[in-house]
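Here is how the chains run, residue by residue.
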Amino acid sequence: MAPKSRKQKSSGGQRKSKRTKTKQMLPDSEEREPINMESMGHPEIYPLVLTTQTQEIFKCRIDEDVTDEQPYKLIKKEDIFADFRNRAAVSDFYPVKKVIQAYPGDELLVVYDKDFKYGHNFYLIGTEEGKENYLNAPELPEEQEEYKEYIPEDIYVYKPPISKPWVSLGSEKEIEEESVKESTKQITYMISRKRSEFGAPIKFSDQNASSVKDAYIECTAYPDNHFTLKQLEKDVGMQVIPKVKDISTQTRWTYPKNATTQYYPRELSEEEKETFEQSKPLSDFLNNTSINVEIALQQNEIMNTFIDDWKCLAEEESTFGDKTDTHLKEYQSFTDLHSLTEKMVTSVSWHPTIYGLIAVSVAVRLSFEERVHFSGKLLLQPSLILFWSFSDPIHPQLMLESPDDIFCFKFCPSDPNIIAGGCINGQIVMWDISAHADRIENIKTGGSRSKKVTLKPMFLLEPDSNKEATYIRHCAVSSIESGHKKVITDIHWLSDTFEINRLGAVFENRNGICCQLVTCSADCTVCFWDIRPQKSLTPQPIDKKKEEHIEIPLDVPSTFLHLDLSWKPLTKLRLSKGETSLDHCPTKISLSEDDLLYNTQDKILTQSKAVNAEEMNPYHNLEAGLANQLKPIEDFCTKFFAGTEEGGVIYTDWKMERDPETGRLMTKKPVSLYTVHDGAVHTVQRSPFYKDIILTIGGWNVAIWKEGIMIGPLLQSSCAPKRYTAGHWSLTRPGVFYVGREDGYIDIWDLLEKTHEPALSQSICITMITYIKPWTFSAKQQFIAIGDYYGTLHILEIPWTLSHPSTNEVSSMNHYFEREVKHLEYVEQRKKIREQEKKEMELELEKKKVKTYQKSKEQLEAELKMDYESYLELEKSILINLGFIKVRETMSFLDL
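Bear in mind the structure is a predicted one, so any value in this text is a computation, not a measurement.

**Q** Looking at this structure, I do not really get the overall build of the protein chain. What am I missing?
**A** Looking only at helices and strands, the protein chain features 19 helices and 37 strands. Counting across all 896 residues of the protein chain, residues that qualify as buried make up 36%. Here the analysis covers contacts within the protein chain between residues at least 6 apart in sequence; of these, 63% occur between residues at least 24 apart. Of the roughly 60,600 Å² of accessible surface on the protein chain, a fraction of 53% belongs to carbon and sulfur atoms.

This is the structure we're talking about:
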């Protein structure tokens, strides 16, 4: 084993010699002085690094020519000089060239340094005396020899560090490259101004930039080819070291003492007791306190006085989730892998009754010009609404076909099998999936457990249905000539409690189900639609009716056959700007009855059970309720909020009024209009907890409004780092809402924690978020669906802190909104006061100016006389100083 260790050591020495050789080969104009071991007491020893090639030339190979028994080699001086001539500065003996030239003898002693005692694998003895001492070392006494034999080999011997000269390896160049130097020339500007203009009053005024020539200059960005920016790479290392303090304390220990005390109660005598019991103060005290004591005893019997009230105020503990976690957790994602075109998510809606089933509408990612260019190819590709299930993230369960891309759709609150959607071409599409209701409701529960107990939504459809996706054709499409002319941006079902007529008047719903829709479009109109058959004004002949026969495909239900291609809006509103002929372009609307649709889940369940019980579906007999008499509803709010494409928020009325001049029906002027957003408004939504609180999101900011407060928004955020693209209220916390951004982040606002900025920002995807839709699965689990620009639907689980409200959160938020209303009223009052004060100050200034110019004739004559007398005084003083007149003449001059 010993030779093997020596071989490993020699190989390490050879590797080290190669590294040292590389250092010695660096160019150097001057010969360095040879390094000796004078610091260790051996000035005659010079360490050397002999490479494998040098060892073969001079026959001093390790473990072959030099060993542990004979670790030295005598090399002739002439051989070393021959090596200098052959290899010059590359020779390993070049660092000790001067020592070799000055050596008096013919042979030099080179010793193998096995333990690297002097830092290298060999060392040279540069004197004859040192060579003789090494070759003829004095013999040790026998006692020392015996002691040397018993010395263990593994004992540690301290080797002091050896100072070596610094050899440059080019690090100073790296330091110069990493150093920061000023590369740009400093420019000095000198700005001067006339002295007469310092302190001069300045008056600013507004002017129309477009009416004045050269009033503004547009500075657009452009690439400068003559300017390049080079950035050097930097390697920076940092180390954080905590501050450590050593602190000690000493408790002062006092001298302990043993102390005792004795006390005894104070006792009264019998006479004192009798007098005290018969005293009046005692009887009065007992009469006054006896009632309170009886009440306290009764309370002790009724309730526990030792209960901890603070524990009763705390929230209910549960083992589900972590209350400290505030981040949304990725649960599942859906992507249509079979689509050949690049599509984006335009709208998302959870199924109202089937948990774990979600519908998504997708559209092609093309601009208007690109759609016109590829219109022929787009007609060959189907426009779909995809139904995804948590059990199968790859294959859609249902696919609803439409004539064009769907940008908004809603489930019917009365029957979830009825779906209405708005197309990009302005048409409304109706679907009836009642024939597939049994298919999507077949859930493999695996036992008799109820859905409420299951925490994870594992909803499985029939195994045969997952093989091929089911395409469902639409039942009816609105008339393209009478409807919207541009893309439908929002759609809502009207509540089943009321209906409206052509004039916008509100009546009780005759059918008891949702029969009317409201839509808004980019063509500056808001339309109301009725799905019931309308009575024709001109009765058709009986023969003509018999001749008409429409062939219905077998896979299309005839629920809305009377609407197909002939459906016209019940009434149409144009949001006029009033002063000009232009109209507002609505993007989203919110009616006063939208909050009723948040709590329609129980109603849908009861209606779906009635349909399953073989009762007739009311949507198959829509004409039944038309015979009932209309009953008007008094004190019904017909006003609604609308967000525009220009960033405005409109509060207007859908009731029509007649023009007094022409007698034609026209839309009322908006009650209020505020432009608080710097981009198109894409979210107008009422709070699920407060009927009069509305959230609007558009551009780069968020605003919260209160219906009936026409002063302005209660809350208006500052500009966000990226543009907002989607938003939604939380379904369980009144102070929380979610806002999506164009960079894939979602901002979570918690008004109880912060009102000036989001409480949390989290990255969801790498592209723009297009839609947000939360949903409550159970009391302990909530999900939020987020659609992005690349067509992916992300399902995330909402944490405990964002889904469970505190005890008094509803009342706290109500107080917050009331404080903001008072603050708005106070600010408005202060504005009026300041305007009144400003007017009064302007009137006072005008009065002062009028007083200065309206002087009487006597005042003017007096001022002229005073000026003339001062002129005479000045003239007299000048003449006296010049010696032209004397004092006496002055008196006569004055008399004149």
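**Q** I would appreciate a short explanation of the confidence of the model for the protein chain in the present structure.
**A** Detailed reading of predicted coordinates is not advised where the pLDDT is low. Taken over all residues, the pLDDT of the protein chain has a mean of 79, while the share at 70 or more is 81%. Per-residue pLDDT stays below 50 along residues 537-549; that stretch engages in two contacts with residues further than four places along the chain or on separate chains.

**Q** Explain the nonpolar core here, please?
**A** Soluble, globular proteins show a tendency: their nonpolar side chains are buried together. One finds Met-430, Trp-493, Leu-517, Ile-531, Phe-560, Trp-567 and Tyr-619 to be the most contacted residues of the largest nonpolar core, which totals 23 residues. At the level of secondary structure, the elements contributing two or more residues to this core comprise strand 11 (418-423), strand 12 (428-432), strand 15 (488-493) and strand 19 (525-530). Ranked by residue count, the leading element in this core is strand 15, at three residues. In this structure Ile-531 touches Met-430, Trp-493, Cys-514, Cys-515, Leu-517, Phe-560, His-562, Leu-563, Trp-567, Tyr-619 and Leu-622, once residues within four positions along its chain are discounted. One finds Ala-720, Tyr-724, Trp-749 and Leu-751 within the second-largest nonpolar core, a separate group that totals 21 residues.

**Q** How should the pattern of salt bridges be read in this particular structure?
**A** Pairing between side chains of opposite charge can happen when the charged atoms of each approach one another. Per the stated rule, a full pass over the model turns up 22 salt bridges. The salt bridge involving Arg-193 is made with Glu-197; its shortest N-O contact spans 3.5 Å. Classification of Arg-193 as partly exposed rests on a relative accessible area of 46%. Classification of Glu-197 as partly exposed rests on a relative accessible area of 37%.

**Q** Teacher, can you tell me more about the packing of aromatic side chains here?
**A** Given two aromatic rings, one states the distance between the centres and the angle between the planes to describe the pair. All told, the structure shown has 27 aromatic pairs when counted by the stated rule. Taken together, a centroid distance of 5.2 Å and an interplanar angle of 75 degrees make the contact between Phe-58 and Phe-93 edge-to-face. Placement of Phe-58 in the loop between helix 2 (52-57) and strand 2 (72-76) and of Phe-93 in the loop between helix 3 (77-87) and helix 4 (97-102) is noted, with a sequence separation of 35 residues between them. Judged by its relative accessible area of 7%, Phe-58 is buried. Connected via pairs of aromatic rings, a cluster forms that spans Tyr-331, Phe-334, Trp-350, Tyr-355, Trp-388, Phe-390, Trp-775, Phe-777 and Phe-783. Seen from the ring of Phe-84, Lys-97 lies directly overhead, with NZ or CZ sitting 5.9 Å from the centre.

**Q** Looking at this model, I keep getting lost on the sheet that holds strand 6 (residues 343-350). Mind explaining?
**A** Taken in spatial order, the five strands line up as 6-7-8-9-13 in an open sheet, and their pairing is mixed. On the outer flanks of this sheet lie strand 6 and strand 13 (470-472), each paired with one strand and no other. When the angles between neighbouring strand axes are averaged without regard to direction, this sheet yields 25 degrees. Where strand 6 and strand 7 (residues 357-364) come together, seven bridges link them in antiparallel fashion. What sits directly across from Ser-349, in strand 7, is Ala-359.

**Q** Please explain the side chain of Gln-762 as it appears in this structure.
**A** Here Gln-762 shows up in strand 34 (residues 760-763). Contact partners of Gln-762, with chain neighbours within four places excluded, come to His-327, Leu-328, Gly-744, Tyr-745 and Ile-746.

**Q** Could you clarify how one ought to interpret the side chain of Asp-583 in this entry?
**A** Residue placement: Asp-583 occurs in the loop between strand 20 (571-574) and strand 21 (586-591). Using a relative accessible area of 17% as the deciding quantity, one classes Asp-583 as buried. Ignoring anything within four residues of it in the chain, the contact list for Asp-583 reads Cys-524, Arg-574, Leu-575, Ser-576 and Lys-577.

The rules behind the values
- Residues numbered from 1 in each chain as written.
- Predicted model: local features only at pLDDT ≥ 70, side-chain atom pairs only at ≥ 80, totals over all residues.
- Heavy atoms only, no water.
- Helix = DSSP H or I, 4+ residues; strand = E, 2+ residues; numbered from the N terminus.
- Buried < 20%, exposed > 50% of the residue type's maximum accessible area, 1.4 Å probe, protein only.
- Contact = heavy atoms within 4.5 Å.
- Areas by Shrake-Rupley, 256 points an atom, 1.4 Å probe, with all protein chains shown as cover.
- pLDDT = per-residue confidence, 0-100.
- Core = buried A, V, L, I, M, F, W, Y, C linked by side-chain atoms within 4.5 Å.
- Salt bridge = Lys/Arg side-chain N within 4 Å of Asp/Glu carboxyl O.
- Phe/Tyr/Trp six-rings, centres within 6.5 Å; stacked < 30°, edge-to-face > 60°.
- Lys NZ or Arg CZ within 6 Å of the ring centre and 35° of its normal.
- Pairing = 2+ DSSP bridges.
- Axes fitted to C-alpha atoms, helices over the stretch in contact; angles between N-to-C directions.

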